[in-house]
Amino acid sequence: AGKDNPVFSTQSPNEQIPANPEAKAVLERELPGFTTHPQYEQFKAMSLEALEAMFPNAVPHARVKAVDVALRAIPVPARAPKEAARTEAAPPDPR
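Figured I'd write up the structure that's included with this text.

The rules we used
- Residues numbered from 1 in each chain as written.
- Predicted model: local features only at pLDDT ≥ 70, side-chain atom pairs only at ≥ 80, totals over all residues.
- Heavy atoms only, no water.
- Helix = DSSP H or I, 4+ residues; strand = E, 2+ residues; numbered from the N terminus.
- Expected span 1.5 Å × (residues − 1).
- Buried < 20%, exposed > 50% of the residue type's maximum accessible area, 1.4 Å probe, protein only.
- Contact = heavy atoms within 4.5 Å.
- Axes fitted to C-alpha atoms, helices over the stretch in contact; angles between N-to-C directions.
- Parallel < 35°, antiparallel > 145°, perpendicular 65-115°, else oblique.
- Left-handed = near helix turned anticlockwise from the far one by under 90°.
- Nonpolar A, V, L, I, M, F, W, Y, C, P; charged D, E, K, R; others polar.
- Core = buried A, V, L, I, M, F, W, Y, C linked by side-chain atoms within 4.5 Å.
- Phe/Tyr/Trp six-rings, centres within 6.5 Å; stacked < 30°, edge-to-face > 60°.
- 1 Å grid on protein atoms, 1.4 Å probe; cavity = no way out; pocket = protein on both sides within 12 Å on 5 of 7 lines; lining within 4 Å.
- Points joined across faces, edges and corners; volume = space filled by probe spheres on them.

### Some remarks on helix α4 (residues 61-72)
- Taking 1.5 Å per residue as the helical rise, α4 with its 12 residues ought to reach 16 Å, and the 16 Å between its terminal C-alpha atoms agrees with that figure.
- Taken residue by residue, α4 has V64, V67, D68, A70, L71 and R72 as its buried positions.
- Next to the buried residues of α4 lie α1 (21-30) and α3 (48-54).

If you want it as structure tokens, here you go:
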């Protein structure tokens, strides 16, 4: 993805990260039990950065940085050529 336009980062809502197997693996490795935490439902719409700012002693800053580096390294999924052509050639919606 590149640092300039990452798919995921610690600014992403927590609930979006586990939807991607590679990103979920990062969370499982760096923050075991994060998505199974009893209060996950309460903080899943927040980003990890926001969570760290609110509860600085709950997650070590070094872990947050490690998660950010690993998430930003996940490549942008490639669109299938057929999908790309269909999207570009689609006529405008007449509604």
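Having seen the structure, we can now continue with the description.
### As for the packing of α1 against α4
- Orientation of α1 relative to α4, taken along the N-to-C sense of each, is 160°, at an axis distance of 10 Å. Of the possible angle classes, the one that applies to α1 and α4 is roughly antiparallel. Regarding α1 and α4, the two cross each other, and that crossing is right-handed. Here A23, V26, L27, R29 and E30 of α1 come into contact with α4, specifically with R63, A66, V67, A70 and L71.
- Looking at side-chain class alone, the contact of α1 with α4 contains 7 nonpolar, no polar and 3 charged residues.

### Focus on the nonpolar core
- Membership of the largest hydrophobic core comes to 17 residues, with the highest contact counts inside it found for L31, F34, L48, V67 and L71.
- Those elements that place two or more of their residues in this core are α1, α2 (40-43), α3 and α4.
- For this core, the element with the most residues is α4, which contributes 4 residues.
- In contact with L31, not counting residues within four places along its chain, are V26, L48, V59, R63 and V67.

### Observations concerning the packing of aromatic side chains
- Applying the stated criterion to the full structure yields 3 aromatic pairs.
- Between F34 and Y40, the ring centres sit 6.1 Å apart and the planes meet at 75°, which makes this aromatic pair edge-to-face. Take F34 and Y40: they sit in the same class, and that class is buried.
- Here F34 and F43 contribute two aromatic rings whose centre-to-centre distance is 5.3 Å and whose plane-to-plane angle is 50°, an arrangement assigned as tilted. Comparing F34 with F43, the two get one shared label, buried.

### Thoughts on the layout of surface pockets
- Its volume calculated, the largest pocket comes out at about 300 Å³.
- As for the largest pocket, its lining consists of 15 residues, of which F34, H37, F43, L51 and A58 are closest to the centre.
- Classifying every residue of the lining of the largest pocket gives 11 nonpolar, 4 polar and no charged.

Note that all results are geometric; they support no functional claim without further evidence.
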